[in-house]
Amino acid sequence: MPTLQELLKDFPLEKYFEPFLGGGAIFFSIQPNKAFLSDLNADLINAYIQVKENVEEVISGLLSLENSSQKYYEVRASTETDPLIRAIYFIFLNHTSYNGLYRVNNSGKYNVPYGNRSTKLINTNNMRRVSMALRLAEIECISYEHTIDNISEGDLVYLDPPYTVSHNRNGFIKYNKKLFSLADQYKLSKFIDQIKLKGAFYILSNGANDKISEIFHKDGDNLMTVKRSSVIGGKNAIRSSVEEYLFTNLPSRGERWVHD
């Protein structure tokens, strides 16, 4: 089955949108000439902006931090307001937390324990490459609905919402501070209808769940079942794979799509 990157190979993109940015793996893989990246996680967006605009300061700050339990909990408890320091702390926590998780409690406080991870804190050369890639992108902390006015014919929108449905058809689950509920899934489906009315393209990643198929499998569009690797556990993490669905109105270019 084709990967997302293979589906997009040589596709004539006008502008790329990723409104559930997260780790931005697809953006960094295809590196479009024009991109609009957004997310509702203010700390995440601030980190991307600081890496884009102040990468050497971010690198210097990260190299000054010790990967230890004491430093981890000190940083986790910080109420620092300076955007640059907050970005450094955000990246530090991501690289040293249990399994690299991002999770907050009902009060919005980051609550992941220290991970005892011995991996190198940062790759400075990769950080600089990330900064260069981000210089071609607009980055903003907004909800996905607010991107619709900027989307035009020929643009591509990649949607990877929080998984509030479990994979492999096991039903709906709660995830993180804000629940991306069943109602939110229907709302996202209407957003996709707006994208199509503009003559733009979309790709949606979502849980392989019968209800998700019912909501998002639109007439004339394609559904593909793929596997994504998942890490279970912490220090001795085990990698497994879970099924997910990809929905898109991109032309199939002769590839065999799997319809459920």
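Just above, that's the structure.
Residues numbered from 1 in each chain as written. Predicted model: local features only at pLDDT ≥ 70, side-chain atom pairs only at ≥ 80, totals over all residues. Heavy atoms only, no water.

Draft legend 1. Highlighting the pattern of salt bridges. Summed over the entire model, instances satisfying the criterion amount to eight salt bridges. A salt bridge links Arg-86 to Asp-43, with the shortest nitrogen-to-oxygen separation between them at 2.5 Å. Placement of the pair is Arg-86 in helix α6 (residues 83-96) and Asp-43 in helix α3 (residues 42-53), with a sequence separation of 43 residues. Note on Arg-86: relative accessible area 31%, which makes it partly exposed. For the salt bridge of Lys-218 with Asp-193, the shortest nitrogen-to-oxygen distance reads 3.0 Å. Of the two residues, Lys-218 sits in the loop between α9 (210-216) and β6 (222-232) while Asp-193 sits in helix α8 (residues 182-197), which places them 25 residues apart along the sequence. Residue classification places Lys-218 among the buried positions, given a relative accessible area of 13%. Looking at Asp-193, the relative accessible area reads 34%, which means it is partly exposed. (Salt bridge = Lys/Arg side-chain N within 4 Å of Asp/Glu carboxyl O. Helix = DSSP H or I, 4+ residues; strand = E, 2+ residues; numbered from the N terminus. Buried < 20%, exposed > 50% of the residue type's maximum accessible area, 1.4 Å probe, protein only.)

Draft legend 2. Fine view of the packing of helix α4 (residues 55-63) against helix α7 (residues 124-134). At a closest axis distance of 10 Å, the pairing of α4 and α7 adopts a crossing angle of 150°. Put simply, α4 runs roughly antiparallel to α7. As α4 runs across α7, the sense of the crossing is right-handed. Of the residues in α7, those in contact with Val-55, Glu-56, Ile-59, Leu-62 and Leu-63 of α4 are Thr-124, Met-127, Arg-128 and Ser-131. Its residues assigned to classes, the contact of α4 with α7 comprises five nonpolar, two polar and two charged. (Axes fitted to C-alpha atoms, helices over the stretch in contact; angles between N-to-C directions. Parallel < 35°, antiparallel > 145°, perpendicular 65-115°, else oblique. Left-handed = near helix turned anticlockwise from the far one by under 90°. Contact = heavy atoms within 4.5 Å. Nonpolar A, V, L, I, M, F, W, Y, C, P; charged D, E, K, R; others polar.)

Purely spatial values, then, with no claim about function.
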